[in-house]
Amino acid sequence: MADAALRLQTLFEQLLGAPLPVRIRAWDGSQSGPPGAPTLVVRNRRALRRLLFKPGELGLARAWVAGDLDVEGDLYTALDLMAGLIWERGEDARTLVEALRDPEVRAAVRGLLRLAGPPLPPAPPPEEARRARGHLHTKRSDRRAISHHYDVGNDFYELVLGPSMVYSCAYWPSPPADGGTLEDAQRDKLELVSRKLGLTSGQRLLDVGCGWGSMAVHAAREHGVHVVGVTLSHEQAAYARKRVADEGLTDRVEIRVQDYRDVADGPYDAISSIGMAEHVGAERYLEYATDLHKLLKPGGRLLNHQIARRPQRDESAYNVDEFIDAYVFPDGELAPVGTTVTQLERAGFEVRDVESIREHYALTLRRWVANLEAGWDAAAGRLVSAGRARVWRLYMAASALSFERNRIGVNQVLAVKTPDSGASGLPLRARTWN
């Protein structure tokens, strides 16, 4: 009898303690769940073995990346329904250990073990980052983590990010439906950063985590500044150097493969750090802030553009997202914006402005997902592996929903190395850059 879908639905509902909001179709052709809902497709028994041998998010991630699990219907709706179930229940959700105390759940698990076949855990997909021993956020481990995420092919990033090649939150008009493209919004973001930093001709700008050179090119071309951009990605650096040469800006822009901790040619008038600080880690954050403070001249400005998470009641209980850590940003960490501000102040900065642009990142991510889906045939298997493309589709769609639902945010923090005189150099009326 074809009944795997019903048995899967029963187990999931017993584990979650709530009705499953999506439909299931199993490898035996059976279906179960609410009609009209997005369908979770369990393609084979291997998917079940992945979940049984690694319960939780990592098992689900491995099954998704390997293609053992899929979603039919709207991916955003499916992710939102599942995430909403977990977030709404919060601390009241039943843990696996608690659920297994229930005889009915134990019986269902035994039945699924029989359905899953030989009790051998499948190998993780090759896209999973290899976990190295030792301390996090050493220069060596950071190079390895950056390479995992960024050195996957510039052609793939061009497909996803579009011509702007900016891999951070764009700055959209209000409302975004009034017009404007992703490229327009990314240009507006770079200009917003430039105005907050007060860039003027002849100044020196350090762009930390310069990516493919978009901020460096914009600042040099539009504001006449001299820029040093640093990245740990060789592929990014090669791409950025070609852009600089094509723009005729080699006399004003230098791109280095260099750790920010090794930059020693300050002082700079301004520093931009756009979407880089998430890689720093909590233990290293004060060091990061202090290093940047030392590299600025008195009165110099830092624009720190960084994703933030919501604070927890018990901050010691914070755990890095398993899927993101294994497949997207190895060793990446998010902090509440208040923690970031505190660390910048401890390093000696005067924090002058904090602007949340959370909704803008949701809009940006949805455009990136649309770009990937439109170019799926080119991306999956030619530019990157099918598994890598699946990683990106899932993480960008899930991240868009997290920004929309205020589970994470993104903030631009403007800080000044205010001299002893107290003259910050900022206008009396804030946000004249808007």
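In case you missed it, the structure is sitting above this.
What counts as what
- Residues numbered from 1 in each chain as written.
- Predicted model: local features only at pLDDT ≥ 70, side-chain atom pairs only at ≥ 80, totals over all residues.
- Heavy atoms only, no water.
- Helix = DSSP H or I, 4+ residues; strand = E, 2+ residues; numbered from the N terminus.
- Rg over C-alpha atoms; globule rule 2.2 N^0.38 Å.
- Buried < 20%, exposed > 50% of the residue type's maximum accessible area, 1.4 Å probe, protein only.
- Contact = heavy atoms within 4.5 Å.
- Areas by Shrake-Rupley, 256 points an atom, 1.4 Å probe, with all protein chains shown as cover.
- Lys, Arg positive; Asp, Glu negative; His and termini not counted.
- Charge placed at Lys NZ, Arg CZ, Asp CG, Glu CD.
- Polar contact = N/O pair within 3.5 Å; in protein donor to acceptor, adjacent residues only side chain to side chain.
- Core = buried A, V, L, I, M, F, W, Y, C linked by side-chain atoms within 4.5 Å.
- Pairing = 2+ DSSP bridges.
- Axes fitted to C-alpha atoms, helices over the stretch in contact; angles between N-to-C directions.
- Disulfide = S-S within 2.5 Å.
- Salt bridge = Lys/Arg side-chain N within 4 Å of Asp/Glu carboxyl O.

Caption draft 1: Representation of the overall build of the protein chain within the structure. When helices and strands are counted, the protein chain shows 17 helices and 11 strands. Taken over the C-alpha trace, the protein chain has a radius of gyration of 24 Å; the compact-globule value for 434 residues is 22 Å, and the two agree within 12%. Judged by the C-alpha coordinates and their principal axes, the protein chain covers about 75 × 45 × 45 Å. In the protein chain, which comprises 434 residues, the proportion classed as buried is 53%. Sequence separation of at least 24 residues holds for 73% of the intrachain contacts in the protein chain that already meet a minimum separation of 6. In the structure as shown, the protein chain presents an accessible area of about 19,900 Å², 51% of it carried by carbon and sulfur atoms. Between the centroid of the 56 positive side chains of the protein chain and the centroid of its 57 negative side chains there is a distance of 3 Å.

Caption draft 2: Region of the structure containing helix α2 (residues 45–53). All buried positions along α2 are accounted for by A47, L48, R49, R50 and L51. Its side-chain oxygen placed 3.1 Å from the backbone nitrogen of R46, N44 serves as the N-cap of α2.

Caption draft 3: Region of interest: the nonpolar core. If you look at the biggest cluster of nonpolar residues, it comprises 52 residues, and the most contacted ones within it are Y157, Y167, F323, Y327, W368, W392 and M396. Listing elements by their share of this core, those giving two or more residues are α3 (57–66), α4 (75–89), α8 (154–161), α9 (182–197), α13 (322–328), α15 (358–374), α17 (386–404) and β11 (408–416). If one sorts the elements of this core by residue count, α17 sits on top with 10 residues. The next biggest cluster of nonpolar side chains, apart from the first, holds 26 residues, and it includes A220, A237, L249 and A270.

Caption draft 4: Structural context of the sheet that holds strand β4 (residues 69–72). The four strands lie next to each other as β2-β1-β3-β4, forming an open sheet whose pairing is mixed. In this open sheet, the two strands that pair with only one neighbour each are β2 (31–32) and β4. Pairing between strand β1 (residues 23–25) and β2: two bridges, direction antiparallel. The residue of β2 that forms the bridge with R25 is Q31.

Caption draft 5: The arrangement of the sheet that holds strand β8 (residues 268–274) in detail. In spatial order, the strands read β7-β6-β5-β8-β9-β11-β10; together these seven strands make up an open sheet with mixed pairing. Looking at the sheet topology across the chains shown, the edges are occupied by β7 (253–257) and β10 (350–356). In this sheet, adjacent strand axes meet at a mean angle of 15° when their direction is disregarded. Alignment of strand β5 (residues 204–208) against strand β6 (residues 226–231), held across five bridges, turns out to be parallel.

Caption draft 6: Representation of the state of the cysteines within the structure. Scanning the entire structure with this criterion turns up zero disulfides. Of all cysteine sulfurs, the one in C210 lies closest to C169, which takes part in no disulfide; the gap is 19 Å. On the basis of relative accessible area, C169 is assigned to the buried category, the value being 0%.

Caption draft 7: The arrangement of the pattern of salt bridges in detail. Summed over the entire model, instances satisfying the criterion amount to 26 salt bridges. Between R352 and E350 there is a salt bridge, with its nearest N and O atoms 3.4 Å apart. Among the ionic contacts, a cluster of salt bridges with common partners joins R204, E254, R256 and D265.

Caption draft 8: Quick look at the environment of R221. Along the chain, the position of R221 falls in helix α10 (residues 214–223). Given a relative accessible area of 39%, R221 falls into the partly exposed group. Linking R221 and L249, residues 28 residues apart in sequence, is a C-alpha distance of 7.5 Å. Once residues lying within four places of it in the same chain are set aside, the contact partners of R221 are E247 and L249. Of the polar contacts made by the side chain of R221, one reaches the side chain of E222; its length is 2.9 Å. A distance of 3.1 Å separates a polar atom in the side chain of R221 from a polar atom in the side chain of E247.

Caption draft 9: Local environment of the environment of T418. Looking at the secondary structure, you find T418 in the segment after β11. Taking the C-alpha atoms as reference points, T418 and P298, separated by 120 residues in sequence, lie 6.1 Å from one another. With sequence-adjacent residues up to four places away left out, T418 is seen in contact with E350, A423 and S424.

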